[in-house]
Amino acid sequence: MEVYDSVVIGAGQAGLSASYHLQRRDVRHVVLDADAAPGGAWQHRWDSLSMADVHGVAALPDSARPEPDGAERANVAVPAYFATYEREHHLPVVRPVRVDRVDDTDQGLLVVRAGERTWTTRTVVNATGTWTQPFVPHYPGASGFAGPQWHTADYPGAEAFRGRRTVVVGGGASAVQLLGEVALVTDTVWVTRRPPVWRTDDFTPEVGRAVVALVEERVRQGLPPASVVSVTGLALREQERAAEAAGAYVRRPMFSSVEPDGVRWPDSFEPAQAILWATGFRPAVGHLAPLHLRSPLGGIRLEGTTAVADPRVQLVGYGPSASTIGANRAGRVAARGVVAALASDAGVLDADALGA
């Protein structure tokens, strides 16, 4: 039976960073990726999202930061960068492999299962992110709505909404960005569960560190992670000023129910022909359920990237490492966690490997 030192699940930014650092430490591993091509979740982003919109992408370790034309589509530029990185660093990525579950064994090993295929390993680095787990809240009557309903994950572009009065649901950055497009082609109604918090100060490195610390504290306690963006507050970009002038960012509280031709509050009704759920994502960790990692508070408690309930498991792209910059740092920390778990299993602590 072939036994790996580690299996990395997911080849987005965090997974590639983890693989690079594992390779530097001579940790025998494989990276399993569910997509047929490189690019992680970036390849599935909507076509109108440009590199100028995302303000670039943090460089992967031992790689120059990509500097594409700001008008280039993010779902083209970032996958091309990832593909080049995989190739130049000879990372052991196997695709397409969609992992179903990870099981423990009596021998202290982990078995990663994808259909009939299995990989036996001493440790796992989970880097599956959130894109495959779009969250749509339940509201009475939603299934009977007569018009189309889309989530951010399958946003078809603004033209699909032309002439359809649209309810945009959600208080995050994606809701603000997509409103900026949809409100230019049709009438919109913006609803959020809580009043939006607009950022009035500059997003300095100090502010960024404070925000990440807040998210880290949640996962350290075992709470479900909050996104970094949800803590930073919202800001309008120049391309959203036209929608602002049209009144798109006048927010209404959440409706109580959905009807075939609109949405209803206890004291009012708004007609609508489309709903866009910009309601975020949840961590894609269902395949880890057999390992019983969740805390009583509903999240997976971490120390750094190490699952407190099972130190053989590292989580990257989870909580504070969901951003591209955080993902790179998490990849390095996870590799150190893998080396520590392997050394503990062998009864040997290699300080040089941990510090590499």
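Residues numbered from 1 in each chain as written. Predicted model: local features only at pLDDT ≥ 70, side-chain atom pairs only at ≥ 80, totals over all residues. Heavy atoms only, no water.

Chemist: Honestly, the nonpolar core in this entry has me stumped. Any pointers?
Modeler: Generally speaking, a soluble globular protein has its nonpolar side chains buried in company with each other. The biggest cluster of nonpolar side chains holds 55 residues, and the ones touching the most others in it are L16, V125, Y155 and Y249. The leading source of residues in this core is helix α8 (residues 324-346), at seven residues. Sequence-distant contacts of V125, defined by excluding residues within four places in its chain, comprise S6, V7, V8, I9, A18, L22, Q314, V316, A334 and V338. Residues V7, L291, V313 and L315 belong to the second largest nonpolar core, which totals 24 residues. (Core = buried A, V, L, I, M, F, W, Y, C linked by side-chain atoms within 4.5 Å. Buried < 20%, exposed > 50% of the residue type's maximum accessible area, 1.4 Å probe, protein only. Helix = DSSP H or I, 4+ residues; strand = E, 2+ residues; numbered from the N terminus. Contact = heavy atoms within 4.5 Å.)

Chemist: I keep staring at unusual backbone geometry and nothing clicks. Help me out?
Modeler: Peptide bonds are, in most cases, trans, and in most cases residues other than glycine have a negative phi. A cis amide bond, omega -10°, links R95 with the succeeding residue P96. Phi is positive for H292, close to 55°, though the residue is something other than glycine. One can find H292 in the loop between β16 (274-277) and β17 (302-303). When its relative accessible area of 65% is taken as the criterion, H292 is described as exposed.

Chemist: How should the pairing of β16 be read in this particular structure?
Modeler: For a regular strand, the rule is simple: side chains alternate between the two faces of the sheet. Burial of β16 is two-sided: the residues A274 and L276 facing one way and the residues I275 and W277 facing the other way are all buried. Bridge analysis of strand β9 (residues 149-151) against β16 gives three bridges, and the strand direction is parallel. Bridged to W150 within β16 is L276. Bridge count between strand β10 (residues 166-169) and β16: four bridges; the pairing is parallel. (Pairing = 2+ DSSP bridges.)

Chemist: Teacher, can you tell me more about the pattern of salt bridges here?
Modeler: Oppositely charged side chains can pair when the atoms bearing their charge come close. Per the stated rule, a full pass over the model turns up 16 salt bridges. Of the charged contacts, one joins R95 and D33 as a salt bridge, the two residues approaching to 3.2 Å between their closest N and O atoms. With R95 in the loop between β4 (93-94) and β5 (101-104) and D33 in the loop between β3 (29-32) and α2 (51-54), this pair connects stretches of sequence that are 62 residues apart. Judged by relative accessible area, R95 falls into the partly exposed class, the value being 22%. (Salt bridge = Lys/Arg side-chain N within 4 Å of Asp/Glu carboxyl O.)

Any functional reading would require information beyond the geometric quantities listed.
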